[in-house]
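# Coordinates in review
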Amino acid sequence: MKITVVALESPFPAIHGGRVDIWRRLQVLSELGVSIQLVYWAKTQLNLEDEQKLANVVNTSHMLKLNGTSFSSLLRKISFFPRYPLEISSRMVYGQALKDLKATARKFAPDVVMIDHLHGCMAGRQLSQYLQVPLILRSHNIEHLYCKNLYASAQGHRKLVRLLSLNGLEKVEKDTLKECRAFYDISVDDLEYWRSLGFKNGRFLPPTINLAEMRLAQNASGSEQPQQEEFDVVFLGNLNTENNVAGLVWFLTNVAPKLKAREANISILISGSNPVKKIVDLCDSLDYVTLKANPKSAADIYRSGRVLINPMAVGGGVSIKAIDMLSAARPIVTLPKGVGGLPERSKSLFYIAEDSDSFAEKILFCLHKRSDNFADYNLLDELFGVEQIKTFLKDLEENVLAAQAV
């Protein structure tokens, strides 16, 4: 099978949850013998090392330039604003760039075009129509609801940015779902939402977990506490989006002092990309909190902690952070939103807190009474392993491509 994947950005290096979800799926698809053409947007070319790692997984790739800040680009984006939200208008393909994209896609001759994240939907729809092949979507969120939540919590100039992100988004999202032969949702909850609105062409496709990495981490630690652990509590995630910032402010303001009162020597690591000033200032004000910006390795950060946390109370889709933390073979304390959209059986792998008191109590429990419930390899393999990708491919062959042949 040959798939053209239209992703919102390069999935490698996999430095945040959206990229992790795309990258791991591409890796498994490649291992299963699928030929992959990757179309993605970026401001600049990948370095040679990253290009080579990408080339080890995909058969061919085609980078599109994000619509920039030049005067002509700004005029072009303004012309799109009446109909399209900001992130989609920044990825509109036209002129010579569209001719080149169509030519390279025709040369690859895919069996199906897969939009991986809604932001690249217009290019995916153009390719599907041009090539006359089925269109499918990997849905990461109910985008228009997710963006409404971000808008509600945004402040200052971010309020205007989030408003532009909402412009026309619900219509574009629903129109894309209607045009798709099938869509594969990351969340069981989001899938039920779409079904309640009459969209019957959806299937559940969970994120893929790296079980080999998890076993390596667990074997390295053995039954004793692993040598790599430098911190009692670790958070990893981007440090600039509204939901992450709100969750961390809540944790550092309401939970961290409770931990300090009970454990005088408690150590906390907050790590992630592009921290906003509020996070920098708050971490600096707490002498038991370390801030590490823009880490090179997520795996190293996760393995440096005894307990991992996910204090997000607002979001959509599925927290890839939650899935990624499972790979580190550490206990995970989360608010209910952190396990939203996951299969019910997987929730036994997390310690789920309801408020600041229970969040602190569960962290302390994990620190002093370490458990192995987070290392149920059989359950993880069943829920998030390679068989899920095999089921996805079987569905493509039996339903999507078979319908095309009729």
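You'll find the structure just up there.
Residues numbered from 1 in each chain as written. Predicted model: local features only at pLDDT ≥ 70, side-chain atom pairs only at ≥ 80, totals over all residues. Heavy atoms only, no water.

It is worth spelling out the packing of helix H12 (residues 242–262) against helix H13 (residues 277–284) at this point. Axis separation between H12 and H13 bottoms out at 10 Å; the angle between their running directions is 15°. Classified by the angle between their axes, H12 and H13 sit roughly parallel to one another. Both H12 and H13 take part in a crossing whose hand is left-handed. Between H12 and H13, the contacting residues are Val-245, Leu-248, Val-249, Leu-252 and Thr-253 on the first element and Lys-278, Ile-279, Leu-282 and Cys-283 on the second. Across the contact of H12 with H13, the residue classes break down as seven nonpolar, one polar and one charged. (Axes fitted to C-alpha atoms, helices over the stretch in contact; angles between N-to-C directions. Helix = DSSP H or I, 4+ residues; strand = E, 2+ residues; numbered from the N terminus. Parallel < 35°, antiparallel > 145°, perpendicular 65-115°, else oblique. Left-handed = near helix turned anticlockwise from the far one by under 90°. Contact = heavy atoms within 4.5 Å. Nonpolar A, V, L, I, M, F, W, Y, C, P; charged D, E, K, R; others polar.)

On to the sheet that holds strand E7 (residues 202–204), then. Strand order in this open sheet of seven strands is E3-E2-E1-E4-E5-E6-E7, and the pairing throughout is parallel. Each edge of the sheet is formed by a strand with only one pairing partner; in this case those strands are strand E3 (60–65) and E7. Each neighbouring strand pair of the sheet contributes to a mean axis angle of 20°, computed without reference to strand direction. Two elements, strand E2 (residues 35–42) and E3, share six bridges in a ladder whose sense is parallel. When the bridges of E3 are listed, Leu-38 appears paired with Ser-61. Packing of helix H5 (residues 95–108) onto the sheet brings it into contact with strand E1 (2–7), E2 and E3, and relative to E2 it is tilted by some 165°. Helix-sheet contacts for helix H6 (residues 121–131) involve E1, E2, strand E4 (112–116) and strand E5 (135–139), and the interaxial angle to E4 is about 175°. (Pairing = 2+ DSSP bridges.)

Turning to the side chain of Asn-201, a few remarks are in order. Note on placement: Asn-201 falls in the loop between helix H10 (188–196) and E7. Looking at Asn-201, its side chain comes within polar contact range of the main-chain oxygen of Leu-177, at 3.2 Å. The residues touching Asn-201, leaving out its near neighbours within four places in the chain, are Leu-177, Cys-180, Arg-181, Ala-182 and Phe-183. (Polar contact = N/O pair within 3.5 Å; in protein donor to acceptor, adjacent residues only side chain to side chain.)

Now for the packing of aromatic side chains. The tally for this structure, following the rule as stated, stands at seven aromatic pairs. Consider the rings of Tyr-184 and Phe-392, whose centres lie 4.8 Å apart with planes at 90°: the pair is edge-to-face. In this pair, Tyr-184 is assigned in strand E6 (residues 182–185) and Phe-392 in helix H18 (residues 386–405), connecting sequence segments 208 residues apart. Judged by relative accessible area, Tyr-184 falls into the buried class, the value being 2%. Classification of Phe-392 as buried rests on a relative accessible area of 3%. Aromatic pair Trp-250 and Phe-359: ring centres 5.5 Å apart, planes at 85°, arrangement edge-to-face. (Phe/Tyr/Trp six-rings, centres within 6.5 Å; stacked < 30°, edge-to-face > 60°. Buried < 20%, exposed > 50% of the residue type's maximum accessible area, 1.4 Å probe, protein only.)

In a beta sheet, neighbouring strands pair by backbone hydrogen bonds and run either parallel or antiparallel. Within the open sheet, the six strands sit side by side as E10-E9-E8-E11-E12-E13. Their pairing is parallel. The sheet is open, and its two borders are formed by strand E10 (289–293) and strand E13 (351–352), each paired with just one other strand. Where strand E12 (residues 332–334) meets E13, two bridges bridge the pair, whose relative direction is parallel. The partner of Val-333 across the bridge, within E13, is Tyr-351. Sheet strands touched by H12: strand E8 (231–236), strand E9 (268–272), E10 and strand E11 (305–310). Its angle to E9, the strand with the most contacts, is close to 170°.

Enumeration according to the criterion identifies one cavity of 30 Å³ or more in this entry. In this structure, the largest cavity encloses a volume near 30 Å³. In terms of lining residues, the largest cavity is bounded by Leu-118, Leu-137, Arg-138, Ser-139, His-140, Asn-141, Glu-143 and Glu-173. In terms of residue count, the dominant contributor to the lining of the largest cavity is E5 (three residues). Residue composition of the lining of the largest cavity, grouped by class: two nonpolar, three polar and three charged. (1 Å grid on protein atoms, 1.4 Å probe; cavity = no way out; pocket = protein on both sides within 12 Å on 5 of 7 lines; lining within 4 Å. Points joined across faces, edges and corners; volume = space filled by probe spheres on them.)

Keep in mind these values describe shape, not function.
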